[in-house]
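# Topology and contacts: notes
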Amino acid sequence: MSTRRYIRTRDLQVGMRMDQSIVDTTGRVLLARGSALDQYLINSLKDRGIAGVYIREGEDDPEEVALPTKQEYKASPQAEKKIQELNKEDRSKVKLNESVKKRVAEGISYLYSNTSANTFADTTKSIADDLMNAITDNDALAFDIGMLKVSDEYTFKHSVDVATIAMVIAKKMNMNDKQVYEIGVAGLLHDIGKSKIPNEILNKPGKLTEEEFAVMKQHPVFSYRIIKDNSDISDAVKIAVLQHHEKTNGRGYPMAVGADKITTYAKVLAIADIYDALVTERPYKSAFSQRDAIEMIMAMTIELDIDIMKSFLGSVILYPVGSNITLSNGDRVRVVENYVENVLRPKVVSLRTGKVYDLANDIKCASIIIP
């Protein structure tokens, strides 16, 4: 049976096998899961400031990853009793009903097709109002990426996802309603400049050439130019849109400024943007699992704001209470409690025996993971 282990980059050795992928900020895979490490790759991880990675030891057991049947996810009487005893509801999540999704999708489509319309700002505000209401109506403190889908069109879906995720993060950071709202507007408009990028570059199924990527990297500037003269959009929103690809180590774009020059709004957008890009399938890449996306973001401490990252992690629910999963030891379990400070390791109960695995706090569970 294989096991997964987190190891500091400085302790990596040649021949170790990666159990996560490393990607750049555009979602392109730099180092694929399963890759065997050589000294060049280890040095590259160090140069990128990645503090640690997950490695896989031993051989994969085919039986370990077999899909469970419905019967295997039926709780025994003793397990059901323990589940009822320990069940702790998740924080309330953002919910978009179908009528709101339809209205938001139509609004986003209009924005990208009518960037110079007199009603551009009003349409943006109308969409932001819908998202703000969805957050405040049930005092949402978390999000589930699967509940946000408003369109099959990537650009439209991505804009709404980023806006919603950024608003939840802002609320987690105790920003006031005006700030939460403005971050939502910035999220909706952050990629509006992609409407000026040629489709053959925007939807290219393969890796972009250096020249094509140089064009793609101009989309924050294009976005800024579209809105910079609109007096109905605040300067804070305009700067956030321009800076959403800047990184705290000064290696972002379009201006390559450091942490002290990047606004808080932009730092929030950066995390929301990267996360949603990772978990969404694109012509040039498959979607990463939410777990993998979280781990990748956690490895970007040199590029992203740490405090905002913590607020983001406290807003994600990967394994909703009541969901059934399989642990690396093969046991089928049900989630009974999530931890804000450790989203990857919830408390679960064995459906067969009623055994409790407190993955975050019980040292005896240290070697057990959720594959």
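See above for the structure.
Computed from a predicted structure; not experimentally measured. (Residues numbered from 1 in each chain as written. Predicted model: local features only at pLDDT ≥ 70, side-chain atom pairs only at ≥ 80, totals over all residues. Heavy atoms only, no water.)

Our focus in this paragraph is the sheet that holds strand 6 (residues 324-326). The strand order 6-7-8-9 describes an open sheet built from four strands, whose pairing is antiparallel. In this open sheet, the two edge strands, each paired with only one partner strand, are strand 6 and strand 9 (356-358). Each strand axis lies, on average, 40° off the axis of its neighbour in the sheet, ignoring direction. Pairing between strand 7 (residues 332-339) and strand 8 (residues 342-350): five bridges, direction antiparallel. Each bridged residue has a counterpart across the sheet, and for V333 the counterpart in strand 8 is S350. (Pairing = 2+ DSSP bridges. Helix = DSSP H or I, 4+ residues; strand = E, 2+ residues; numbered from the N terminus. Axes fitted to C-alpha atoms, helices over the stretch in contact; angles between N-to-C directions.)

A few words on the sheet that holds strand 2 (residues 17-18). The strands making up a sheet associate through hydrogen bonds between their backbones, and the pairing can be parallel or antiparallel. If you walk across this open sheet you meet the three strands as 1-5-2, and the pairing is antiparallel. The sheet is open, and its two borders are formed by strand 1 (3-8) and strand 2, each paired with just one other strand. Direction of pairing for strand 2 relative to strand 5 (residues 52-57): antiparallel, over a ladder of two bridges. Residue M18 lies in a different strand from strand 5, and its bridge partner there is I55.

On to the pattern of salt bridges. As enumerated under the stated definition, the model contains 18 salt bridges in all. Among the ionic pairs, R103 bridges to D130, the shortest N-O distance being 2.8 Å. In this pair, R103 is assigned in helix 3 (residues 98-113) and D130 in helix 4 (residues 120-137), connecting sequence segments 27 residues apart. The residue D191 makes a salt bridge to K194 at a minimum N-O spacing of 3.3 Å. Note on accessibility: D191 and K194 belong to one class, buried. Taken together, the shared-partner salt bridges connect K88, E337 and K347 into one network. (Salt bridge = Lys/Arg side-chain N within 4 Å of Asp/Glu carboxyl O. Buried < 20%, exposed > 50% of the residue type's maximum accessible area, 1.4 Å probe, protein only.)

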